Amino acid sequence: MADSAQPLIINLAPTGMVPTKAMTPHVPLSPQEIVDDVARCAALGASIIHLHARDEEGRPTTRAEYMAPLVEGVRSVDPELVVCVTCSGRFANSVDERGAVLELSGAAKPDMASLTLGSNNFVQQPSVNAPETIRGLATRMRLHGIKPELEVFEPGMLTFGRYLTEKGLIDGPWYVNVLLGNLGTSPATPGALASFLALLPEDSVFAVAGIGRFQTAANLLGIASGGHVRVGLEDNVWWDRDRTVLATNAQLVERVCRMADVAERPIATPAETRALLGLGRPASVAQVG
């Protein structure tokens, strides 16, 4: 499950649902801004791109027509990049709303989609993921041949993941994002991470993400434990713990690469990432112009 010599997968979450231009001018919101930022970060070593769509006003949207050009744009940067679309419930409730992006096809079809395995509180609002909603999204992902990006904020969420596997709704190997440092869930400590790792299936691939000022510490834990990392302005808009300098996505990816170099972890290429996650070639690459 964890190999300290395995190539390091960098999962870039460039936008998210919360950051705005008022918070940081560096957050990419328009399709062109997102694609340009992805290109910079892919050149540095990002191989999974975790996408959120915004409408013309910069507001989060779950509508598939807003996600399609983002997926196609990332494919135009590098067809091998692993594209993951969000199915988050922070601003949408129904399975139909959250799962609309799973209907995308051709060059706009994603490789992966996020599936949070339980409910939790953020500082200002809850993220509600009812059991029937999780099952509904997992069913649709399986139907469309889209691999779940399992997001877990508490160790017990992994137990629900095992239940979904037993019911035939999730196939292995799992790819899991362990999110640490959120005020309402698990802290960014080695002991907290260990409690997650104890519950992972043996063939799992896991990445560690840190919320806010805990991003760098969480990324270090992921690298040192033989796992992988998620990084980006979705989770943290600041460069430093004291929150005096705003970061760019490229700076955050480049810092992860420096940490990986110290740990003697090579950076996984998109092709290596696909192999580690059991993904084939992206669908309809030839349609990308």
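Scroll up a little and you will see the structure.
Being a predicted model, the structure only gives us computed values, none of them experimental.

A. Structural view of the nonpolar core. If you look at the biggest cluster of nonpolar residues, it comprises 73 residues, and the most contacted ones within it are Ile10, Leu51, Met67, Leu115 and Val176. With near-sequence residues (within four places) excluded, valine 176 lies in contact with Leu150, Val152, Leu158, Leu200, Val205, Phe206 and Ala207. Judged by nonpolar contacts, the second largest core, of 11 residues, contains Ile9, Tyr175, Val205 and Ala268.

B. Seen up close, the packing of aromatic side chains. For the structure on display, the rule yields two aromatic pairs. When the centroid spacing of 5.5 Å and the interplanar angle of 85 degrees are considered together, the rings of phenylalanine 122 and phenylalanine 153 count as edge-to-face. Of this pair, phenylalanine 122 sits in the loop between strand 7 (120-121) and strand 8 (126-127) while phenylalanine 153 sits in the loop between strand 9 (147-152) and helix 5 (156-166); the two residues are 31 residues apart in sequence, bridging distant segments of the chain. Here phenylalanine 122 falls in the buried class, since its relative accessible area comes to 16%. Under the relative-accessibility criterion, phenylalanine 153 is labelled buried at 4%. Summarising the aromatic geometry, the rings of phenylalanine 160 and tyrosine 163 are spaced 5.3 Å apart at their centres and angled 40 degrees between planes, so their arrangement reads as tilted. Of this pair, phenylalanine 160 and tyrosine 163 both sit in helix 5, separated by three residues, roughly a single helical turn. Here tyrosine 163 falls in the partly exposed class, since its relative accessible area comes to 28%. Positioned over the ring face of tryptophan 239 is arginine 255, at 3.8 Å from the centre of the ring.

C. Fine view of the pairing of strand 2 (residues 48-51). Here strand 2 shows two buried faces, one formed by Ile48 and His50 and the other by Ile49 and Leu51. Where strand 1 (residues 10-12) and strand 2 come together, two bridges link them in parallel fashion. Bridge pairing in strand 2 places asparagine 11 opposite isoleucine 48. With respect to chirality, the unit in which strand 1 leads through helix 1 (residues 31-44) into the neighbouring parallel strand 2 is right-handed. In terms of strand pairing, strand 2 meets strand 5 (residues 82-85) through four bridges, oriented parallel. Bridged to leucine 51 within strand 5 is valine 85.

D. Fine view of unusual backbone geometry. A cis geometry characterises the amide bond from glycine 172 onward to proline 173, with omega recorded as -10 degrees. Its place among the elements puts proline 173 in the loop between helix 5 and strand 10 (175-180). The phi dihedral of arginine 243 is positive, around 60 degrees, even though this residue is not glycine. Relative accessible area serves as the criterion here: at 39%, arginine 243 is assigned to the partly exposed category.

E. Structural view of the pattern of salt bridges. Overall, the coordinates contain 13 salt bridges when judged by the stated rule. Put simply, arginine 40 and aspartate 37 hold a salt bridge, and the shortest N to O gap is 3.1 Å. Pair noted here: arginine 40 and aspartate 37 are both in helix 1, with a separation of three residues, about one helical turn. The network of salt bridges with common partners includes Arg75, Glu80, Asp111 and Arg274.

F. Examining helix 2 (residues 64-77) more closely. An ideal rise of 1.5 Å per residue puts 20 Å on 14 residues; helix 2 measures up with 20 Å between its terminal C-alpha atoms. Contact partners of the buried residues in helix 2: helix 1, strand 2, strand 3 (53-54), strand 4 (60-61), strand 5 and helix 9 (270-277).

G. Region of the structure containing the environment of isoleucine 34. On the secondary structure map, isoleucine 34 appears in helix 1. A relative accessible area of 1% means that isoleucine 34 is categorised as buried. Residues isoleucine 34 and alanine 250, spaced 216 residues apart in sequence, show a C-alpha to C-alpha distance of 12 Å. Not counting the four nearest positions on each side in its chain, isoleucine 34 is found in contact with Thr15, Pro28, Leu29, Leu51, His52 and Leu70.

H. Quick look at the packing of helix 1 against helix 2. Taken N-terminus to C-terminus, the directions of helix 1 and helix 2 make an angle of 35 degrees; their axes are 9 Å apart at the nearest point. Here the hand of the crossing between helix 1 and helix 2 comes out right-handed. For the pair helix 1 and helix 2, the contacting residues are Pro31, Ile34, Val35, Val38, Ala39 and Ala42 in the first and Leu70, Gly73, Val74 and Val77 in the second.

Calculation rules
- Residues numbered from 1 in each chain as written.
- Predicted model: local features only at pLDDT ≥ 70, side-chain atom pairs only at ≥ 80, totals over all residues.
- Heavy atoms only, no water.
- Core = buried A, V, L, I, M, F, W, Y, C linked by side-chain atoms within 4.5 Å.
- Buried < 20%, exposed > 50% of the residue type's maximum accessible area, 1.4 Å probe, protein only.
- Contact = heavy atoms within 4.5 Å.
- Phe/Tyr/Trp six-rings, centres within 6.5 Å; stacked < 30°, edge-to-face > 60°.
- Helix = DSSP H or I, 4+ residues; strand = E, 2+ residues; numbered from the N terminus.
- Lys NZ or Arg CZ within 6 Å of the ring centre and 35° of its normal.
- Pairing = 2+ DSSP bridges.
- Right-handed = clockwise from strand over helix to strand, strands pointing away.
- Salt bridge = Lys/Arg side-chain N within 4 Å of Asp/Glu carboxyl O.
- Expected span 1.5 Å × (residues − 1).
- Axes fitted to C-alpha atoms, helices over the stretch in contact; angles between N-to-C directions.
- Left-handed = near helix turned anticlockwise from the far one by under 90°.

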